Amino acid sequence: LVPLGKKAKQGDDPYCFLAYISVPRIGTPNRNEEAFAFDAREAVREKLIGQKIDYVTEYMAGSKKAVSVKIEGEDLASHLVNLSLAKVNERRANTAEGGLHEQLLALQEVVSKKGKGVWNADQAVRDRNTRQVVYSGEGDYSASKILQES
């Protein structure tokens, strides 16, 4: 996440991430995409784009801020956990007990029992929900070959 519109002090890192949760990672030329990564990204995009948000820094991880984000009163991390597109991290040593983290753990306990999304153990389902992306310059990629085949 990159908060916009606030004046940052020189040297501040403008990037932050959602506190207490982990989402599947989008692929790169060096790393395969994880199952449900695209779905998680699109869920965040649908919620955030064009919206005014409120965010609170929950804790710091090195120089990066871990934030909780609310859109019209709904917590974004809770939304992703509820959709089975995120897992709740274990409590960090530098965070207080209770609060949002405990709420997320309780929600995850209920959602994980349904076996959907990131909690689905069926490899065929996971494969169907993983994009296979070919990056230009990778392997035997050839634009002319693709054009000839179409």
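Please read these numbers as outputs of a predicted model, since none were measured by experiment.

Novice: Just give me the short version of the pattern of salt bridges, but keep the residues and values in it.
Specialist: Summed over the entire model, instances satisfying the criterion amount to five salt bridges. Between Lys 47 and Glu 74 there is a salt bridge whose closest N-O contact spans 2.7 Å. Taken together, the residues Lys 47 in helix 1 (residues 37-48) and Glu 74 in strand 5 (residues 74-75) connect sequence positions 27 residues apart. Where salt bridges share partners, they join Arg 41, Glu 42 and Arg 45 into one cluster.

Novice: Got a sec to walk through unusual backbone geometry? Specific residues and values, please.
Specialist: The backbone of Tyr 20 shows a phi angle near 75°, a positive value even though the residue is not glycine. Locating Tyr 20 in the fold gives a position in the loop between strand 1 (16-18) and strand 2 (21-22). Of note, Ser 84 is a non-glycine position whose phi angle comes to about 60°, a positive value. Under the relative-accessibility criterion, Ser 84 is labelled buried at 4%.

Novice: Explain the pairing of strand 3 (residues 54-61) residue by residue, including any values.
Specialist: The pairing of strand 3 with strand 4 (residues 64-71) spans seven bridges and is classified as antiparallel. The partner of Asp 54 across the bridge, within strand 4, is Lys 70. The antiparallel hairpin formed by strand 3 and strand 4 contains two residues in its connecting segment, where Gly 62 sits at a positive phi of about 70°.

Novice: Could you give me a rundown of the packing of aromatic side chains, with the residues and numbers involved?
Specialist: Within a pair of aromatic rings, the relevant descriptors are the distance that separates the centres and the angle that separates the planes. Tallying each qualifying case throughout the model produces two aromatic pairs. For the ring pair Phe 17 and Tyr 59, a centre distance of 6.5 Å and an interplane angle of 75° mean the geometry is edge-to-face. Of this pair, Phe 17 sits in strand 1 while Tyr 59 sits in strand 3, and the two are 42 residues apart along the sequence. Ring centres 5.4 Å apart and planes at 55° place the aromatic pair Tyr 20 and Tyr 59 in the tilted group. Here Tyr 59 lies in strand 3 and Tyr 20 lies in the loop between strand 1 and strand 2, a separation of 39 residues in the sequence. For the pair formed by Tyr 20 and Tyr 59, the shared burial category is buried.

The rules behind the values
- Residues numbered from 1 in each chain as written.
- Predicted model: local features only at pLDDT ≥ 70, side-chain atom pairs only at ≥ 80, totals over all residues.
- Heavy atoms only, no water.
- Salt bridge = Lys/Arg side-chain N within 4 Å of Asp/Glu carboxyl O.
- Helix = DSSP H or I, 4+ residues; strand = E, 2+ residues; numbered from the N terminus.
- Buried < 20%, exposed > 50% of the residue type's maximum accessible area, 1.4 Å probe, protein only.
- Pairing = 2+ DSSP bridges.
- Phe/Tyr/Trp six-rings, centres within 6.5 Å; stacked < 30°, edge-to-face > 60°.

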